[in-house]
Every structure is written in structure tokens, then in C-alpha cells.
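Survey of secondary and tertiary structure
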Amino acid sequence: GVQALLRKLQSLVEVPGRLRRWAAPGGEPARALRCYARARAVLRHYRHLPSFRAIEDESHAIMADLAQRLRTRLRCEPLEPKELAECAAMLLQLEEPPAELSEEFLSRAGARLHAELAALEAELPPLDANTATATAAAAATPPPPTSDILDFVDRGSASFVGTLCTLAGSYRALFAGHPGVGTGRLEAFAAALSTRYFELLERRLALERGLGDTSLLVRALDRFHRRLRALLDLLPPDAGAEAAAAALVARAARERVERYLRALQSFFLGCLGDVRQALAAPRPPGKEGPGLPELLGTLGSSVLGQLKAVLGYVQLFTARDVAFASLPYFKGEFCTGAVREGLVVAFVRWLCRTARGFSEGAAERGAPAAPPALLLLLARLCLDYEATTISYILTLSDEQFPPQDRGPVVTPGPTLCAEARGAAQRLLDHYVQVQGAAVAQMLRKSVETRDWLGTVEPRNVRAVMKRVVEDITAIDLQVGQLFEEGVRRAQSSDSSRRAFSVYSSARAPGRYAPSYTPSAPMDTHLLSNIQKLFSERIDIFSPVEFNKVSVLTGIIKISLKTLLECVRLRTLGRFGLQQVQVDGHYLQLYLWRFAADERVVQGLLDEVAASAAHRCLDPVPMEHSVVELICERG
């Protein structure tokens, strides 16, 4: 027992030397602390003895010097998280005040974390407080990021989030249970830093202006969301960090969908430009370009294929292996609001508005007028969307992004189909008006530029009438490429040989010729007006149906109505009347076969003849056999 006591006394005597050796700069302060901790209780107990008091005073001076060097290191040197925790732990063992030490710990941890956030922020365009400079910077295109979004999130998760979690764990292990040191200080510290990290990530996401690789963006958001769980454990429940992070992910997905919508719109406009170029390109002799059916097929399949590809890219946000796909937003609002309504329905409505815009005063806004073939093609495209495409893409969208039973109200398919059919109807009506106006312009100029009083006796059909028949035939071939034939009214057996009278188709010329007197023109005009009361009214600008004969009938009605109004404004001589008679019979021979009802053509041409007779100073019609001979020769 005496030897054991002597060994204990010997170890106490050696304590100052050991402490001096281990606590010296570059020594082993941890061993010094363990040695001092074992000897401190004995030295304090026997402090009343002079020899023990000397040992304790010397040891305390050594440890006080160590504490001063540790405090200096904690405040001034950049420390790794592990080194920071070790330094704080040694100061606690040296009985430093826990409240002050915890503040110093958070201060040093904050400096390191702010440095890591600053390294992330250095990759982003600077935020200028000057309004003018900021406006100019916003107008300019920002430089591309130095790294992709996945690398940015990986470094943020590894450096900032990892370091914050490590330091928070050390803080709790060091200061838990100490009076005056609660978890509220740590939670406020972590919340402030997390808010700044979310802001930096949102600024980086805003730089993803192009479409790029969507899978890269999804992987980046997925890793951010997975590492978020460790971060949320450090924050108070009422901090709202989880909701803010979920909103950040949802906003990034929604913005990517909006960019895809703009990309689809740009793609459609590009395809439309290709179609216009193909329609306007000159054709070398003997070489035909693509027909309207080929152009329509290419346009429809390209746009539909692009839309299906976009839906495939967007579906990456709801894949089963993606962590944030389990959020309520991605199970409900994203599928219905962002994808179905914000992408599919919005694109179809935009397409219909864009197509319809070609028929609504483009020339008045300074834009070049759309070629008639483009109007016809877009009308057919909208009609195809109404028939099959809209229901197909809505079904595809609902299969890939199933809507919730109690989700928001969505746009029904019939509503979109009605919009597409309305656009097709407007385009086809406009096509009829444009083509009718082109033919009518030829007829109007031919009437206005001719001297109908001094003209010679007709020997031929005027060239403009042949041109009208040629143009109507070309329009018939053009419309027949995209639209069905349609139903014609049963024709009479002698349609092409029907007499063209200067009075009316219901009144043969021979019946009134013997009693022709100076008052006859007024009588015949009166009888013509009486007959109109009992005949079916011809609506010139009525909506056309989606078939070829209806389109051609509309164009013919506009053309012949223009001819009628122009004749009414002219004064004719005998030979002028006979020229109108010849021209009208020629049109009757060839135009009736294009119309849905030959009586429409006959009725309008009869009105032209009656008006010409009424405006004639010497109304002597040409013999019908002579008219037929001239027309056959022409």
C-alpha cells in the first residue's frame, strides 16, 4: 500500500511536466486535458497543503495558457468542421462558459458556411443594386453558367448541406444540456443559412433558359430533395422550409413545362414557314413540288411527333424513382394544371388562334397576306384536329399524367374540338372570300375598262372569261386535294346547253320578241323583279361546308355577284349587250359543273343578263344559235 501511495504521489509531482510537454504548441493537447482531468480533483482536495497548492497553481497556469491558445485558434484560424468541434470540446473541458462558447462556435461555423455559399454565388451573375445597371443587365443575355445544374446541386449538397449538418450535430453533442444554451439559437442559425441557399439555387435554376437535358434537371432536383430531409431535421417545424423547398422544385418543373410550350410554338411556326416556302418556291418545268396532301401530312405528323416527345420529356418529373414525385403537387396540380391545361390544351388553343389569325386582317397589320393554299391547308389541319388529333393527344396526356378524381376542372375535349372547328370554318370562309375576290377583281376590271357603247359586234368570247374558267378549274383541283367532293343537286340533262337569255331563264326570248316595244325594257325589268319574289334567295357570303362543291359554289357566287354589280353601273349599246350575252353563255357552259346547284349559276347569270338589258340603249339580243356557235368556237 505504501508503494502504491508513493507511485500516486510521484505521478502528481510529474503532472506539470507532462502538461507542459503535451500542451506546448505542436503537442498533444487532448492528452494534456485527460491528464489534467485525472489530477484536478486530487489537487483541489489537497489544495490546503503548500506542496499540492504549488503543483495545482503550476498546472492551472499551463492549462490557462492552453485555453488562451485554443481561444485564439478558434477565433482567428480557419478550421475544418471536425477541428472546430474538437477545439470547442477542449475549451468546454477547460470550463469555458458554454453560452459564450456556443456563440463563438456558431460565429466560426457561420463564417465557413457563408464562404461556401459565396463560392456557389460566384458562379452566378451578380445582382446589381443600381436600377439602371440592373435593367441593362436584364436586357442583355446572361453568360452561360460555368457548370451544369447537377454539378451545382451536388457541390451545394456536399459542401454546404453536408457541412451544416456536421456542424449542427457537433453543436448538439457539445452544448446539449448546458444551462443557457438552447436549440433555438441553432435553429435560427440554420434557417437563415438555408434561406440563402434556397435563393442561390433558385437563381441558378433561373439560368436554365434553354431546354437542355431535362433528365439532368430532374436528377438535380431529385438530389436536392433527397438531401433536404437531413436539412429539415435542423430547422424548426414552423420555419416553412419544407414548403419553400417543395415550391422551389414545383416552380422549376412548371417553368420547364412553360419553356416546352414556347418551344412547341416556335417549332410549329418553323414548320409553317417551311410550308409557305414550299408553296412559294418556283417549280422548274417538268418537275412538280410536294402537293398539298404531302405538305399537310408532313406538318401534322411533325407537330404531333414533337408534342409526344415533349410529353415524354415532361414525364421524367413524375417517374417512380424520383423522390419529389411523391409530393402532392406532382400527383395532382402538375398533371392537370401544368401539363394537360398549361401545355397540351394551351398549345392546341394557341395553334387554333394562330391559324385563325391568318384570316383576320393580317394585311392591315402590315404582315404579308397568306397564300390561299396555306389557308386551305390550315383549315384542313384544324378539321383533322377536331376529328381525331385532339382526342388522341388528350387521351395520351391523361394516360401519362393521370388526373385526380377530385382534381380541378379541366377543359373538356368537345370544347377544344369546337374551337378547332370554328378556326377551320373561319379559314375556309376566308379562303372562299380571297379566291372569290381574286376572280371578281378580274371581272370588275374587264367591265370597267371596256367601252360598252362603242364596241363592235361580238365574234369571240372575251379572254377574261376563259381565264375565269381556267382559274375556277385550278381552284377545283386545289380544293379537291384536301376536301371531299360533297353532294351536288341532281342536274338536268341539258345543263350545258341551257339557253342564256337577256331576260330570264324562265322566259324564252321568242315569247316576248314579237311584242318588243320601247316600254319593253321596263316591263321585262318589272317581270324579272316579280320573279325574284318567288325564287329562292341566293346568299352570297353564307358559310361554306367542308367539301369541294360548297367551296367552289361560294367562289362562283362572289364572282358572278361582282359581275352583276359592275354591269349595273355601265351603259351598254346593242353590241355591248350581245357581248354580255355571249360571255354569260360561255360561263354557263362551264361553271355549272363546279356548283352544288346549277340553278345558283343560272340565276345569277340571268340577273346579269337582265341588268344588261335594262342598262342597254338598244336592247336587241343575239340569236341563241349564233351565241352557241361563238361559244363552241371559243
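As a reminder, the structure under discussion sits directly above these lines.
Here the structure is a predicted model, which means the values were calculated and not measured. Throughout this document, residue positions are counted from 1 along each chain, in the order its sequence is written. Given that this is a predicted model, residues contribute local features only at a pLDDT of at least 70 and side-chain atom pairs are listed and counted only at 80 or more, while totals for whole chains, interfaces and linings are drawn from all residues. The side-chain quantities take in all heavy atoms of the structure and omit both hydrogens and water.

In DSSP terms, a helix is any run of H or I states spanning at least four residues, a strand is any run of E spanning at least two, and both are numbered starting from the N terminus. What the protein chain contains, in helices and strands, is 22 helices and 0 strands. Exposure is judged per residue with a 1.4 Å probe applied to protein chains only, and the accessible area is read against the type maximum: over 50% gives exposed, under 20% gives buried, and values in between give partly exposed. Looking at the 634 residues of the protein chain, the share that counts as buried comes to 45%. The criterion used for residue contact is that any of the two residues' heavy atoms lie within 4.5 Å. Once local pairs closer than 6 in sequence are excluded, the contacts in the protein chain between residues at least 24 apart make up 84%.

Between N-to-C directions, angles span 0 to 180 degrees; the directions come from axes that are lines fitted to C-alpha atoms, helices contributing only their stretch in contact. The interhelical angle for the contact between helix 5 (residues 98–121) and helix 7 (residues 149–175), taken along N-to-C directions, is 175°, at an axis separation of 10 Å. If you check the angle between helix 5 and helix 7, you find them roughly antiparallel. Residues Pro98, Leu101, Ser102, Phe105, Leu106, Ala109, Arg112, Leu113, Glu116, Leu117 and Leu120 of helix 5 lie in contact with helix 7, whose contacting residues are Phe152, Arg155, Gly156, Ser159, Phe160, Thr163, Leu164, Leu167, Ser170, Tyr171, Leu174 and Phe175. Three classes are used, and their members are as follows: Ala, Val, Leu, Ile, Met, Phe, Trp, Tyr, Cys and Pro are nonpolar, Asp, Glu, Lys and Arg are charged, and the others, Gly among them, are polar. Its residues assigned to classes, the contact of helix 5 with helix 7 shows 15 nonpolar, 5 polar and 3 charged. By definition in this entry, angles of less than 35 degrees are roughly parallel, angles greater than 145 are roughly antiparallel, angles of 65 to 115 are roughly perpendicular, and the rest are oblique.

Moving on, we get to the pattern of salt bridges. We define a salt bridge as a contact between a side-chain nitrogen of Lys or Arg and a carboxyl oxygen of Asp or Glu at a distance within 4 Å. With the rule as written, the count across this model stands at 28 salt bridges. A salt bridge links glutamate 341 to arginine 340; the shortest N-O distance between them is 3.1 Å. Relative accessible area serves as the criterion here: at 7%, arginine 340 is assigned to the buried category. Arginine 340 is paired through a salt bridge with aspartate 398; the nearest N and O atoms lie 3.2 Å apart. With a gap of 58 residues between them, arginine 340 in helix 13 (residues 333–357) and aspartate 398 in helix 14 (residues 372–400) connect regions that are remote in the sequence. Through salt bridges with shared partners, one network takes in Lys561, Glu565, Arg568 and Glu607.

Turning next to the packing of aromatic side chains. Here is the rule: rings of Phe, Tyr and Trp (six-membered ring for Trp) pair when centre to centre is within 6.5 Å. Planes less than 30 degrees apart are stacked, more than 60 are edge-to-face, and the remainder are tilted. Per the stated rule, a full pass over the model turns up 17 aromatic pairs. For the pair tyrosine 197 and phenylalanine 198, a centre-to-centre distance of 6.3 Å together with 45° between the ring planes defines the contact as tilted. Across the pair, exposure class does not vary: tyrosine 197 and phenylalanine 198 are buried alike. In this structure an aromatic cluster arises from ring pairing among Phe317, Phe324, Tyr329, Phe330, Phe334 and Phe401.

It is worth spelling out the environment of arginine 444 at this point. Mapping arginine 444 onto the fold places it in helix 15 (residues 413–448). Among the residues examined, arginine 444 registers a relative accessible area of 28% and is labelled partly exposed. Once residues lying within four places of it in the same chain are set aside, the contact partners of arginine 444 are Thr562 and Cys566.

On to helix 20 (residues 574–591), then. Here the expected length of a helix is defined as 1.5 Å per residue gap, with one fewer gap than residues. Helix length check: helix 20, at 18 residues, gives a terminal C-alpha distance of 26 Å against a target of 26 Å (1.5 Å per residue), a fit within 8%. The element helix 20 is extensively covered by neighbouring structure, given that 15 of its 18 residues are classed as buried.

Considering the arrangement of structural elements, one finds threonine 336 in helix 13. With a relative accessible area of 3%, threonine 336 lands in the buried category. Note: C-alpha distance between threonine 336 and phenylalanine 401 (65 residues apart in sequence) is 7.6 Å. In this view, threonine 336 contacts Glu341, Pro403, Pro408 and Val410; residues no more than four positions away in its chain are not counted.

Moving on, we come to the nonpolar core. We define a nonpolar core as any set of buried Ala, Val, Leu, Ile, Met, Phe, Trp, Tyr and Cys residues linked to one another through side-chain atoms lying within 4.5 Å. Among the nonpolar cores identified, the biggest contains 173 residues, and Phe224, Phe268 and Phe334 are the most heavily contacted of them. Residue contributions to this core peak at 16 residues, all from helix 10 (residues 241–280). Apart from residues no more than four positions distant in its own chain, phenylalanine 224 is found in contact with Val153, Tyr197, Phe198, Leu201, Ala245, Leu248 and Val249.

Geometric values such as these leave the question of function open.
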